[in-house]
Amino acid sequence: AEYMGHFLSVYFFFAMFNLEGRRFEAENVVDSCWLAEFSSAVADRRFPCLFDTLQSGGMMAHPAFVWALELPILMRLMAGVPPGAVHRSEDLHLHRPVRAGDRLHTVGTVVSVKGRELTTRFETVDAAGEPVATSWKGTQLPRLPDGEAHCFSSCVPSEIPPTIPCRRADERRAPRAAVALPVAAARRYRECSGVFDPTEEVTCCPSSLLHGAAVVACAVTALLRIHMINPTAVRRVCVGRFAAAVEPPATLAVPSTVAPNGAVRFDVVLPSGKVALGDCSLEHAMQSRL
């Protein structure tokens, strides 16, 4: 047993050491069925642009849809990482909305591994090579089986992610939104998004828990409704910290404030009062409102 523990420590050490610079890519053709299924898991019919197949220009995607393209690549990037990795932060920049019929090429890269903190970047472009989305994900890697905490590769990050916005004193308080999650929310998200939750494999997260990206997507939907923002106007969604797991059924509170430039700062709070998502921000084109 002692020998096996040492062997696993050495194996995982080299797995971590070789993480930086990993790069995988995938191509997807986005059709209206996929978009509608994703939206049905995280949105509602009060946003016709997310469900209407006959609208001019084609059906539009929910702002969080890009994560369905990225998560399978993230699984490949983290191959060899032992169970226990934790999603810590997310920063999605949308250069334009995703539409039905788009042929999208997504590239995921591990840009830094510093101590136990791993940063990945994802770039999605269309068939013409025009940018569609850029996102950054922060992940805390697990300790090694022997309890060693600092034997992962340590380096100066090759690329620095954008700064997560902070609340300001001049922001005004907005009405509190709510997200009601049914008991089958986790299963519905997995089946409708086409993404079978990577946390089940990488972090040993029970399948009854709702994936963090789905919690963010549902919160964004609630905020779009409260603040009367067109889903196609969203330009940035970021989460400063994933702080607690969400297990349906539950009704989540989404308190928010609005900055002078229209950006919405928010948290997602569990029924117990504990913060599930903290230091979050939703930025949009102010001229495009419902």
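Anything mentioned here points back to the structure above.
Definitions and cut-offs
Residues numbered from 1 in each chain as written. Predicted model: local features only at pLDDT ≥ 70, side-chain atom pairs only at ≥ 80, totals over all residues. Heavy atoms only, no water. Helix = DSSP H or I, 4+ residues; strand = E, 2+ residues; numbered from the N terminus. Contact = heavy atoms within 4.5 Å. Areas by Shrake-Rupley, 256 points an atom, 1.4 Å probe, with all protein chains shown as cover. Expected span 1.5 Å × (residues − 1). Buried < 20%, exposed > 50% of the residue type's maximum accessible area, 1.4 Å probe, protein only. Salt bridge = Lys/Arg side-chain N within 4 Å of Asp/Glu carboxyl O. Disulfide = S-S within 2.5 Å. Phe/Tyr/Trp six-rings, centres within 6.5 Å; stacked < 30°, edge-to-face > 60°. Lys NZ or Arg CZ within 6 Å of the ring centre and 35° of its normal. Polar contact = N/O pair within 3.5 Å; in protein donor to acceptor, adjacent residues only side chain to side chain.

(A) View of the overall build of the chain. Across its full length, the chain carries six helices and twelve strands. Restricting to contacts in the chain with at least 6 residues of sequence separation, those with at least 24 account for 73%. Surface summary for the chain: the accessible area is close to 13100 Å², and the carbon and sulfur share equals 55%.

(B) Quick peek at helix 6 (residues 212–227). In a regular helix each residue adds 1.5 Å, so 16 residues correspond to 22 Å; helix 6 covers 22 Å between its end C-alpha atoms and thus fits that length. Counted residue by residue, helix 6 has 14 buried out of 16 residues, so it is predominantly covered. Where helix 6 terminates, the next one or two residues include methionine 228, which has phi positive at roughly 55°.

(C) Main features of the pattern of salt bridges. A full pass over the atoms with the stated rule returns 16 salt bridges. For aspartate 102, the salt bridge identified is with arginine 96, shortest N-O distance 3.0 Å. An identical accessibility class is assigned to aspartate 102 and arginine 96; each is buried. The partner of glutamate 123 in a salt bridge is arginine 121, with the nearest N and O atoms 3.5 Å apart. Relative accessible area serves as the criterion here: at 30%, glutamate 123 is assigned to the partly exposed category. One connected set of salt bridges, linked through shared partners, spans Asp91, Glu171, Arg236, Arg265 and Glu283.

(D) Summary view of the state of the cysteines. Following the criterion strictly, the structure yields zero disulfides and no others. Free of any disulfide, cysteine 166 has its nearest neighbouring cysteine sulfur in cysteine 238, separated by 9.7 Å. Judged by relative accessible area, which is 57%, cysteine 166 ranks as exposed.

(E) Geometry of the packing of aromatic side chains. Tallied over the entire structure, the rule returns three aromatic pairs. When the ring of phenylalanine 38 is compared with that of phenylalanine 65, the centres are 5.5 Å apart and the planes differ by 85°; the resulting orientation is edge-to-face. Taken together, the residues phenylalanine 38 in helix 2 (residues 32–42) and phenylalanine 65 in the loop between helix 2 and helix 3 (66–77) connect sequence positions 27 residues apart. Among the residues examined, phenylalanine 65 registers a relative accessible area of 1% and is labelled buried. Put simply, the rings of Trp34, Phe38, Phe65 and Tyr189 touch in pairs and so form one group of aromatic residues. Over the face of the ring belonging to phenylalanine 122 we find lysine 137, whose NZ or CZ atom lies 5.3 Å from the ring centre.

(F) Inspection of the side chain of glutamine 140 at higher detail. Tracing the sequence through the fold places glutamine 140 in strand 5 (residues 131–140). Separated by 3.4 Å, the side chains of glutamine 140 and glutamate 117 make a polar contact. Setting aside residues no more than four positions away along its own chain, glutamine 140 makes contact with Gly84, Ala85, Val86, Arg88, Arg116 and Glu117.

(G) Quick look at the environment of valine 264. Tracing the chain through its elements places valine 264 in strand 11 (residues 264–269). Given the relative accessible area of 1%, valine 264 is considered buried. The spacing of valine 264 and glutamate 171 is 93 residues in sequence and 9.0 Å in space, taken between C-alpha atoms. Excluding residues within four positions of it along the chain, valine 264 makes contact with Leu223, His227, Ile229, Ser256, Thr257, Cys280, Ser281 and Leu282.

(H) Highlighting unusual backbone geometry. Cis geometry marks the peptide bond from proline 248 to proline 249, where omega comes out at 0°. Mapped onto the elements, proline 249 comes out in the loop between strand 8 (234–242) and strand 9 (250–254). Positive phi outside glycine occurs at methionine 228, with the angle close to 55°. With respect to the helices, strands and loops of the structure, methionine 228 is situated in the loop between helix 6 and strand 8. One non-glycine residue, aspartate 279, lies in the positive phi region at around 55°. Along the chain, aspartate 279 falls in strand 12 (residues 275–284). A relative accessible area of 37% means that aspartate 279 is categorised as partly exposed.

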